[in-house]
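A closer look at the structure
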Amino acid sequence: MIKKAVIPAAGLGTRFLPVTKAQPKEMLPIIDTPTIQYVVQECVDSGIEDILIISGKGKRSLEDHFDKNFELETRLQEKEDEALYTHLKHIENMANIHFIRQKELNGLGDAIYHARFHCGQEPFAVLLGDTVIDSVIPVTQQLIDSYEQYGQTVIAVETVAWDNVSRYGIVGGDNLSSRVIRLNELIEKPNREQAPSNLAIAGRYILTPQIFRALEKTPRGKGNEIQLTDALQMLLKEDGITATLIEGKRYDLGNKMDFLKTTVEFALKRQDFAAEFEEFLRETIDRLDQDRKEH
Ligand code: G1P
């Protein structure tokens, strides 16, 4: 049973400046919902309600978002806005959310190391705060199923274009089934020549407490940061690790273009937006085509 999850959300969001100068990137909304809420929802949908968010300087609004806002609730009740009131109650009661601060930004590995006392001797899920995955079965649940079958550390992976392997942690190994790979190599942001495959780590993991011992010994790696991927590579020597090919679509919300595309796709999936928004998109494309013909 996986009962705990860790969401690292301490990063500065430099790829999203200037909007992230004074607010956390995890609070940027896809339409009206901050990205962190989608990630917490994935935990809840996977049966996990004990969540540790690794936050940092300037991230206080993450705490406020999952807190009770008495004034707002009273106002909504007065206005008899039952739907919004219920939604706000849902957010504050979603899960038991704990926070710890990563005081210095020493990398993802260091962020996870901050969870050692919270997780103790239990295996736990990790969900990167700037990745949302749309799927029928929540990806964390897919990993839990795999963990229950193999009893080892599990990493979510997906195939990426060879030109993009240097943006990700990349894994190599042998297929155990069509969706499960037994790993023999993990390498953080390799160049194309070094990459053992084009299978990229997709921002979801089930880790065992052994990771904390590995992290203690992990030297600084790519970007002069303590990399989770390097600690996992170290763990591989003593413990097996499997990777599961995710069934779902991953949205990387850490960069502007992908965020924009995500917003469009999510709007088209929302019942309250889809029809009008699709009409707007079609009109916009028609206008672009028209302009192009005329010039
Ligand atoms: C992190 C991980 C990397 C993984 C990626 C997925 O990198 O270190 O292994 O592939 O997330 O989004 P980051 O994007 O934080 O540099």
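To start, this report covers the structure provided alongside it.

Thresholds applied
- For every chain, the first residue of its written sequence is number 1, and the numbers climb from 1 along that sequence.
- Note on the predicted model: pLDDT of at least 70 is required for a residue's local features to be given, and 80 or more for side-chain atom pairs to be given and counted; whole-chain, interface and lining totals, by contrast, use all residues.
- The side-chain numbers reported here are obtained from all heavy atoms of the structure, hydrogens and water having been left aside.
- Helix and strand labels come from DSSP, where a helix needs a run of H or I of at least four residues and a strand needs a run of E of at least two; each type is numbered from the N terminus.
- Any residue under 20% of the maximum accessible area for its type is buried, any over 50% is exposed, and the rest in between are partly exposed; the area is computed with a 1.4 Å probe on protein chains only.
- Pairing of aromatic side chains here covers Phe, Tyr and the six-membered ring of Trp, requires ring centres within 6.5 Å, and sorts the geometry by plane angle: under 30 degrees stacked, over 60 edge-to-face, intermediate tilted.

Each neighbour pair has its own omega, and for Leu17 with Pro18 the value is 10 degrees, a cis peptide bond. Among the structural elements, Pro18 can be located in the loop between strand 1 (4–8) and strand 2 (29–30). Here Glu80, not a glycine, exhibits a phi torsion of approximately 55 degrees, which is positive. In this fold, Glu80 is placed in the loop between helix 3 (70–78) and helix 4 (82–93). Judged by its relative accessible area of 69%, Glu80 falls in the exposed class. Positive phi is not limited to glycine here, since Lys189 has a value of about 45 degrees. For Lys189, the position within the fold is in the loop between strand 10 (180–188) and strand 11 (199–207).

On to the packing of aromatic side chains, then. Overall, the coordinates contain five aromatic pairs when judged by the stated rule. Aromatic pair Tyr38 and Phe266: ring centres 5.5 Å apart, planes at 90 degrees, arrangement edge-to-face. Separated by 228 residues along the polypeptide, Tyr38 in helix 1 (residues 35–45) and Phe266 in helix 10 (residues 256–269) bring together distant segments of the chain. Arranged with centres 5.1 Å apart and planes meeting at 80 degrees, the rings of Tyr251 and Phe266 form a pair that is edge-to-face. A residue pair is termed long-range when its members are at least 10 positions apart, and Tyr251 in strand 13 (residues 249–252) and Phe266 in helix 10 qualify at 15 residues. Take Tyr251 and Phe266: they sit in the same class, and that class is buried.

None of the figures reported here should be taken as evidence of function without further support.
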